[in-house]
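Each chain, written out:
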Amino acid sequence: MTHPTPAPDPRFGEQGGLLTYSDYLRLADLLAAQVPESDPASHDELLFITIHQVYELWFKLLLTELTDARERMLAGETYLPRVRLERCHVVERVLIGQVDVIDTMTPQDFLAFRTKLAPASGFQSVQFREIEFLSGLKDPDFLHRFRRLPSAERERLERRLAEPSLWDGFLAVLAGAGFPVDDAEARFGAYTRIAADRERFGPLWDLAEALVAHDQAFSLWRARHVLMAERQIGTKPGTGGSAGGAYLRSRVETRFYPELWELRSRL
């Protein structure tokens, strides 16, 4: 005896007719957002715009994940913050790999539209600065260096400067586990105990290593960015008025969590 095939669930498939792929992703708006400025049109400007818009989308996701990791650490959690950070590590590897795409553009092709960018610059990426502030690298001077910063974006940066960082969250976890965190030497004592007994303190060690991996990924991205910029513009200044490659190179050694790096020398 055969059984009739059940009717498809009307909530799924085109017969539902409630939402399309294009509507859900708002593709009309998304694909209309790449607007080259050069006239006559420069072929590689679309590549340049696309790659940077994609970066900003990834930055938005990173901010969501990192913010949640911080909130959970402030609440004393260790497992889900590490899970959030591990997702960020994968995204950050994508950010580094995307530089290969822009490296397909020659210096001559970039020069064809570069003057149209000024004074715009990646230096002005508010989301990138939010990631740095949230990660623990808080520099109030950036607020003074940004020109023509919309009030909403300035407020976002000011909020990130004022709120706890991922580092504050990690110290809250350590304090919750009974470790002293009031001064650097006390913290190094805590790190050393944790490192020496991973069987007992495995979740704390894994969380610390997840922070180091996040830090390392951004350092690798900065280094890759330096080489990309030098390949494109050599020693020319940046379109936003920075020293270009020289400025980027000065940031390569920046670390979010210098104490966790110094720990390596003390083990």
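Residues numbered from 1 in each chain as written. Predicted model: local features only at pLDDT ≥ 70, side-chain atom pairs only at ≥ 80, totals over all residues. Heavy atoms only, no water.

### Overview of empty space enclosed by the protein
Tallied over the full model, the rule gives one cavity of 30 Å³ or more. Its boundaries defined by the atoms lining it, the largest cavity holds a volume of some 50 Å³. Lining the largest cavity are Phe170, Tyr191, Ile194, Ala195, Leu204, Trp205, Ala208, Leu260 and Leu263. For the lining of the largest cavity, the secondary-structure elements that each account for two or more residues are helix 10 (184-196), helix 11 (198-233) and helix 13 (258-266). (1 Å grid on protein atoms, 1.4 Å probe; cavity = no way out; pocket = protein on both sides within 12 Å on 5 of 7 lines; lining within 4 Å. Points joined across faces, edges and corners; volume = space filled by probe spheres on them. Helix = DSSP H or I, 4+ residues; strand = E, 2+ residues; numbered from the N terminus.)

### A look at the packing of helix 3 (residues 45-74) against helix 9 (residues 166-176)
Relative to each other, helix 3 and helix 9 sit at 25°, their axes nearing to 7 Å. Between helix 3 and helix 9, the angle is such that the two are roughly parallel. The handedness of the crossing between helix 3 and helix 9 is left-handed. For the pair helix 3 and helix 9, the contacting residues are Leu66, Ala69, Arg70, Met73 and Leu74 in the first and Leu166, Asp168, Gly169, Phe170, Ala172 and Val173 in the second. Within the contact of helix 3 with helix 9, the residues separate by chemical class into eight nonpolar, one polar and two charged. (Axes fitted to C-alpha atoms, helices over the stretch in contact; angles between N-to-C directions. Parallel < 35°, antiparallel > 145°, perpendicular 65-115°, else oblique. Left-handed = near helix turned anticlockwise from the far one by under 90°. Contact = heavy atoms within 4.5 Å. Nonpolar A, V, L, I, M, F, W, Y, C, P; charged D, E, K, R; others polar.)

### Describing the nonpolar core
General note: in soluble globular proteins, nonpolar side chains tend to be found buried as a group. Counting residues in each nonpolar core, the largest one holds 53 residues, and the members touching the most others are Leu62, Phe170, Leu174, Tyr191 and Leu260. Elements that contribute at least two residues to this core include exactly helix 3, helix 4 (79-102), helix 6 (126-135), helix 9, helix 10, helix 11 and helix 13. Here this core takes 12 residues from helix 11, the largest share from any one element. Setting aside chain neighbours within four positions, we find leucine 174 in contact with Phe179, Val181, Tyr191, Ile194 and Leu204. Val126, Phe146, Leu149 and Leu161 belong to the second-largest nonpolar core, a separate cluster that totals eight residues. (Core = buried A, V, L, I, M, F, W, Y, C linked by side-chain atoms within 4.5 Å. Buried < 20%, exposed > 50% of the residue type's maximum accessible area, 1.4 Å probe, protein only.)

### Here we look at unusual backbone geometry
Cis geometry marks the peptide bond from aspartate 39 to proline 40; its omega dihedral reads 5°. Tracing the chain through its elements places proline 40 in the loop between helix 2 (27-31) and helix 3.

### Structural notes on the packing of aromatic side chains
Under the definition given, this model contains 15 aromatic pairs. Ring geometry for phenylalanine 256 against tyrosine 257: centres 5.9 Å apart, planes inclined by 65°, an arrangement best described as edge-to-face. When its relative accessible area of 5% is taken as the criterion, phenylalanine 256 is described as buried. An aromatic cluster is defined as three or more aromatic residues linked by ring pairs; in this entry it consists of Tyr55, Phe59, Phe128, Trp167, Phe170, Phe188, Tyr191, Phe218, Trp221, Phe256 and Tyr257. Above the plane of the ring of tryptophan 261 lies arginine 255, whose end atom (NZ or CZ) is 5.2 Å from the centre. (Phe/Tyr/Trp six-rings, centres within 6.5 Å; stacked < 30°, edge-to-face > 60°. Lys NZ or Arg CZ within 6 Å of the ring centre and 35° of its normal.)

### A look at helix 8 (residues 151-162)
Count 3.6 residues to each turn of an α-helix, and residues three or four apart come out pointing the same way. Across its 12 residues, helix 8 extends 16 Å between first and last C-alpha, which sits within 8% of the 16 Å expected from 1.5 Å per residue. Those residues of helix 8 that sit buried are Leu157, Arg160 and Leu161. Buried residues of helix 8, seen end-on, are gathered within an arc of 105° and therefore sit on one face of the element. Exposed residues on helix 8 whose side chains face more than 90 degrees from its buried face are Ser151 and Ala162. Packed against the buried residues of helix 8 are helix 3, helix 6 and helix 7 (141-145). (Expected span 1.5 Å × (residues − 1). Arc of directions from axis to C-beta.)

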